[in-house]
Amino acid sequence: MSIRNLDHMFAPKAVTLIGASPKPGSVGNVLARNLFAGGFQGPILPVNPKYKSIEGVYTYPDVASLPTAPDFAVVCTPPKIVPGVIGELAARGCKAAVVLTAGFGELPGGEGKALEQAMLDAAKPNLMRIVGPNCLGVLVPGAGLNATFAHLAPPKGDLAFVTQSGAMATAVLDWAHPRKIGFSHMVSLGAMADVDFGDMLDWLALDGRTRAILLYVEAITHARKFMSAARAAARLKPVIVIKAGRHMEAAKAAASHTGALAGSDAVYDAAFRRAGMLRVYDVDELFDAVATLANPPKHAGDRLGILTNGGGLGVLATDTLMDQDGHLADLAPDTIAKLNAVLPKTWSHGNPVDIIGDAPPERYAASVEALLQDRNLDALLVLNCPTAIASSTDAADATIKAAKGARVPVLSAWLGDTQSAVDARGKFADARIPSYETPDKAVRGFMHLVRYRRAQESLMEVPEAAPDNLCPDPDAAKRTVAAALESDREWLTDPEVRAVLGGYGFGMPKAETVADIEAAAQAAAKIGGRVALKIVSPQILHKSDFGGVALNLDGPDAVRVAAAAMVERVRKAKPEATITGFLVQEMIRRPHAHELILGASVDRQFGPVLLFGQGGVAVEVLRDTAMALPPLNVKLARDMIAATRVSRLLKGYRDRKQADLPAIERALVRLSRLICELDAVIEFDINPLLADEDGAIVLDARIRIAKPTAARQGARLAIEPYPADLARDIVLPTGKTAHLRPIRPEDAPGIEAMIARMTPEDRRMRFFATIEKLTREQLARLTQIDYDREMGLVCEGPDGIWGTVRLTADPDRGRAEYAIALRSDLKGMGIGLFLMRKILDYAKARGIGVVYGEVLRENRPMLEVCKNLGFSVKADPHAPDVVHAEIALADWPEIAAAAR
């Protein structure tokens, strides 16, 4: 449901408290006191039939007797009466509630779940939104709303904290209070029966009072909604997340706590990276990251300069930097010369720059100025340890003055708990220079900057296009899987696996599957050269574990002997196995090749996930793998490879040449397409994929299948894949043929070329500004879309993109905004009208109720198109040169016919 009616929760006009109590120490009493003391300007209406007044405020016996319909209800009654209370509130027109009561889905057995469902059923007719149950409540300091039983009320600020754990909410409040950290929102989600992380991310992304979003996550319940909301929010502001339950034991505790399954931590890590979020691991790091990202740099360089008055501090900072894969900047010769001129002869003459313990403020200032002019630095960390010779506070003042207007980020760490150190850190905070208590925390803060900017750049990077013939015959693969499903089998046979891999373009050795020993010998003679022999049995997946693999067999006689011995070994090791034959395979001799693993499995939260890493029989021991969510493009595949240790070996070393990295990237993209298109595949394993300078070839693979359930079909992926089914050849009104398809990230150069062929006036009509070309970020935003809530269609001719139309839906999909652009030399051919019809058809099919657009009043051709399609057009009262065009799709396309 997303953000519908959340405005009634976070900006209510009237609030009611169901279960208010005068009993000291009770939840109902603490809630009443917090609500009345919060500064809320509207009416607060307590409800409890046992009392006439609470905290001096008249108390009503029931919901029906309330003098006005509340926007927002706070419910802390026993669980069994909660569904009835929600029903009464919904009947009065209440639009939102927070249910603090426990005793719902987190309890074992079915009673709690049944109560939770009854509560949701009672809320549904009025589209009433519910936070909770089993939560601390909701805090909106800017609205004077404290609907929690927390012990502290934070000041108004620009951070939003959303947590599943009420205890974590109170701990963060306690931590933030002495540091004077304020919040725009603090929301304890509890069991997330209705409002969840996806809803909150959508709400907070568009909230102008929120600078950064902080999450404490134990489990995600709706993966696609979460990923869609997270990717949208992370483009607009920092999203920083703590994920609890990283280990199996902690995950079990989280499950018993919230009633939700935590899932694999490695998959969560992959999801957070893909969404552009920054993951941290404790509360201290969470708020350090907030301070660091207050003014993130435009570039994500990892070369750090370190300035210190103590050599030991510089060494500690360097160690931490190396541990976190950062780089110590190499100082330019000119910088060394400048420092020689202002520092004692005993300075370190390198990075870290040790300016000696007696450094006065002037030495700090001169050194900072010199280092900030060095183009080899991406950031500067200034350290200070207290001495009796020089003032730490004066050094801070000098550093702040010298760093004003710096080209790169400046971070600081003034050590100690004396008043001078505390005062210095306060000065840095006032100057908006991130300040830390220790060198390792400061370096960690620097790496937050690096990781955040890299994630943002990754969101904006334009990938190169994959080859058109990457997957030559996916339909053949689909037929193979469908036939296997009909025979009610769980694992594909070796020939079926080869058919699927061949359909998606994976390279494989020559091979034949045969029924007996003599046929195996004949197959070896046919293939020629040395061969590998593998047992074929539906009960044996890992053939080498049971002696079912023989390598380097030279000729038919060697194959006969090996096959007979293999049958004897396998029958002894696994007597219940049915041996159906042998696979005779060309022996691939690549002595310097790397053994890699490519895999896929289905995570219970995020659906299909992909795996890449170092393969071979020791894959579980080596544990050098990376995970990612499909779909992948070439850039994402490259990032996945780079996240492993084996990637360094693939680049070549000593006498081993660099492996064909593009071939490995293509293999990952093929795997991604296979998993996106074959819903029945639930487990996939290539081990090994042999890779060297001559390419990548599959030596062994296995595929597990299951009949897709109705719930899995079409919605099993956490990120909606490219909707290739929308692509088709078309005939335009003029009779010209073209190709219509959804936009792709790889279309950025084509869109740029199309815009270059628009006149300056047409560009102004489309973008409401005079522009020559789009920035890299703007191109990425137009082409890297979330197909779950956006769509872009391109009309493509033989000479490139002719036109494009875009649709962006709100999170509820009730309304969507369109935008359209055409090459100026192709105007008058009916392309614009055609594209508008197609995007309106798409919008109606997706269940969108209203499509609208803002059009410059002088853009008569666009207004004529709107008129022909049945849009209503009215003036924008806030912008006299703009008109608002809107169409309700309930009667589309009939309304367009009537308009003509």
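Remember, predicted model here, so these are calculated numbers, not experimental data. Residue indices begin from 1 for each chain and proceed along its sequence in written order. Only residues with pLDDT of at least 70 get local features here, since the model is predicted, and only at 80 or more are side-chain atom pairs given and counted; chain-wide, interface and lining totals rely on the full set of residues. To get the side-chain values, take all heavy atoms of the structure and skip hydrogens and water.

Draft legend 1. Examining the nonpolar core more closely. Phe72, Val74, Leu215, Phe226 and Phe606 are the most contacted members of the largest nonpolar core, which has 64 residues in total. Each helix corresponds to a stretch of at least 4 residues labelled H or I by DSSP, and each strand to a stretch of at least 2 residues labelled E; elements are numbered beginning at the N terminus. If one sorts the elements of this core by residue count, helix 7 (residues 223–236) sits on top with 7 residues. For Leu215, the contacting residues outside a window of four places in its chain are Phe161, Val162, Phe197, Leu201, Phe226, Val239, Ile240, Val241, Ile242 and Met277. Remark: nonpolar core denotes a set of buried residues (Ala, Val, Leu, Ile, Met, Phe, Trp, Tyr, Cys) joined through side-chain atoms within 4.5 Å. Between buried and exposed lies partly exposed: a residue is buried under 20% and exposed over 50% of the maximum accessible area for its type, with that area taken using a 1.4 Å probe on protein chains only. It only takes one pair of heavy atoms within 4.5 Å for two residues to be counted as in contact.

Draft legend 2. Expanded view of the sheet that holds strand 2 (residues 44–47). Spatial ordering of the open sheet is given by 2-1-5-6-7, a layout of 5 strands whose pairing is parallel. The two strands at the open ends of the sheet, each matched to only one other strand, are strand 2 and strand 7 (129–131). Mean inter-strand twist for the sheet, computed between neighbouring axes without regard to direction, equals 20 degrees. Here a strand pair is declared whenever DSSP counts at least two bridges between the two strands. Axis definition: a line fit to C-alpha positions, over the contact stretch in the case of helices; interaxial angles, taken between N-to-C directions, run 0 to 180 degrees.

Draft legend 3. Local environment of the pairing of strand 22 (residues 530–536). Burial analysis of strand 22 places 6 of its 7 residues in the buried class, which makes it a mostly covered element. Bridge count between strand 22 and strand 23 (residues 549–554): 4 bridges; the pairing is antiparallel. Counterpart to Leu533 in the pairing with strand 23 is Ala550. Pairing of strand 22 with strand 24 (residues 581–586), which is carried by 6 bridges, proceeds in the antiparallel orientation. Paired with Val536 across the two strands is Gly581, which belongs to strand 24.

Draft legend 4. Quick peek at the environment of Arg224. Position of Arg224 relative to the elements: it lies in helix 7. Judged by relative accessible area, Arg224 falls into the buried class, the value being 16%. As for Arg224 and Thr163, which are separated by 61 residues in sequence, their C-alpha atoms are 19 Å apart. Here the side chain of Arg224 touches Leu717 through a polar contact of 3.0 Å, landing on its backbone oxygen. Any N or O atom pair separated by 3.5 Å or less is treated as a polar contact, with the protein-specific requirement of one donor-capable and one acceptor-capable atom, and with residues adjacent in sequence counted only for side-chain atom pairs.

Draft legend 5. Here's a closer look at unusual backbone geometry. Residue Asn351 is joined to Pro352 through a cis peptide bond whose omega torsion reads 10 degrees. Each neighbour pair has its own omega, and for Asn687 with Pro688 the value is 10 degrees, a cis peptide bond. Phi angles above zero are rare outside glycine, and Glu55 is one such case at about 55 degrees. Considering the arrangement of structural elements, one finds Glu55 in the loop between strand 3 (53–54) and strand 4 (57–58). The partly exposed category is assigned to Glu55, whose relative accessible area is 44%.

Draft legend 6. Structural detail: the pairing of strand 5 (residues 72–75). Residues of strand 5 alternate between two faces, with Phe72 and Val74 on one and Ala73 and Val75 on the opposite face, all of them buried. In this structure, strand 1 (residues 15–18) lies alongside strand 5, joined through 4 bridges in parallel fashion. Looking at strand 5, one finds that Thr16 is bridged to Ala73. Summarising the sheet, strand 5 and strand 6 (residues 96–99) pair through 4 bridges and their orientation is parallel. Paired with Ala73 across the two strands is Ala97, which belongs to strand 6. Handedness of a crossover is defined as follows: with both strands directed away from the viewer, a clockwise route from the first strand across the helix to the second makes it right-handed. Since strand 5 and strand 6 lie parallel, the crossover through helix 3 (residues 82–91) that links them has a hand, and here it is right-handed.

Draft legend 7. Layout of the sheet that holds strand 34 (residues 800–809). Reading across the sheet, the 8 strands line up as 31-32-33-34-35-36-38-37 and stay open at both edges, with mixed pairing between neighbours. Edge positions in the open sheet fall to strand 31 (728–731) and strand 37 (872–875), since each of these has one partner strand only. Across the sheet, the mean angle separating the axes of adjacent strands is 25 degrees when strand polarity is ignored. Contacting strand 33 (790–797), strand 34 and strand 35 (815–822), helix 25 (residues 748–756) runs over the sheet at an angle of about 105 degrees to strand 34.

Draft legend 8. Region of the structure containing the environment of Thr68. Within the secondary structure, Thr68 sits in the loop between strand 4 and strand 5. What makes Thr68 partly exposed here is its relative accessible area of 33%. Taking the C-alpha atoms as reference points, Thr68 and Val15, 53 residues apart in sequence, are found 9.8 Å from one another. When sequence neighbours within four positions are dropped, the list of residues in contact with Thr68 reads Ala14, Leu45 and Arg92.

Draft legend 9. A look at the pattern of salt bridges. Salt bridge, as used here, is a side-chain nitrogen of Lys or Arg placed within 4 Å of a carboxyl oxygen of Asp or Glu. Tallied over the full model, the rule gives 56 salt bridges. Between Arg209 and Asp207 there is a salt bridge, with the nearest N and O atoms lying 3.2 Å from each other. For Arg209, a relative accessible area of 36% corresponds to the partly exposed category. Residues Arg560 and Asp557 are paired through a salt bridge, measuring 2.7 Å at the closest nitrogen-oxygen approach. One end of the pair is Arg560 and the other is Asp557, both in helix 20 (residues 556–573) and 3 residues apart, which spans about a single turn. The exposure class of Arg560 is partly exposed, given its relative accessible area of 29%. Taken together, the shared-partner salt bridges in this structure form one network comprising Arg129, Asp194, Asp196, Asp199 and Lys225.

Draft legend 10. Structural view of helix 6 (residues 197–205). Burial within helix 6 is extensive, with 9 of its 9 residues counted as buried. Here helix 6 has its buried residues at Phe197, Gly198, Asp199, Met200, Leu201, Asp202, Trp203, Leu204 and Ala205. You can read the cap of helix 6 off the contacts: a side-chain oxygen lies 3.2 Å from the backbone nitrogen of Gly198, and it is on Asp196.

Draft legend 11. Summary view of the packing of aromatic side chains. Any Phe, Tyr or Trp ring, taking Trp's six-membered ring, that has another such ring centre within 6.5 Å forms a pair; planes under 30 degrees apart are called stacked, those over 60 apart edge-to-face, and the others tilted. Applying the stated criterion across every chain yields a total of 12 aromatic pairs. For the ring pair Phe10 and Trp203, a centre distance of 5.6 Å and an interplane angle of 40 degrees mean the geometry is tilted. Linking Phe10 in helix 1 (residues 7–10) with Trp203 in helix 6, this pair joins segments that are 193 residues apart in sequence. An identical accessibility class is assigned to Phe10 and Trp203; each is buried. An aromatic cluster is built from Phe226, Tyr268, Phe272 and Phe606, whose rings are joined through pairwise contacts.

Draft legend 12. The arrangement of the packing of helix 22 (residues 634–642) against helix 24 (residues 661–677) in detail. Close contact between helix 22 and helix 24 brings their axes to 9 Å; oriented N to C, the two are set at 110 degrees. Put simply, helix 22 runs roughly perpendicular to helix 24. Considering how the two elements wind past one another, helix 22 and helix 24 form a crossing that is right-handed. Of the residues in helix 24, those in contact with Val634, Ala637, Arg638, Met640 and Ile641 of helix 22 are Ile664, Glu665, Leu668 and Val669. Convention used here: angles under 35 degrees read as roughly parallel, angles over 145 as roughly antiparallel, angles from 65 to 115 as roughly perpendicular, and any remaining angle as oblique. Crossing handedness is defined as follows: a turn of the near helix away from the far one that is anticlockwise and smaller than a right angle gives a left-handed crossing, while the clockwise case is right-handed.

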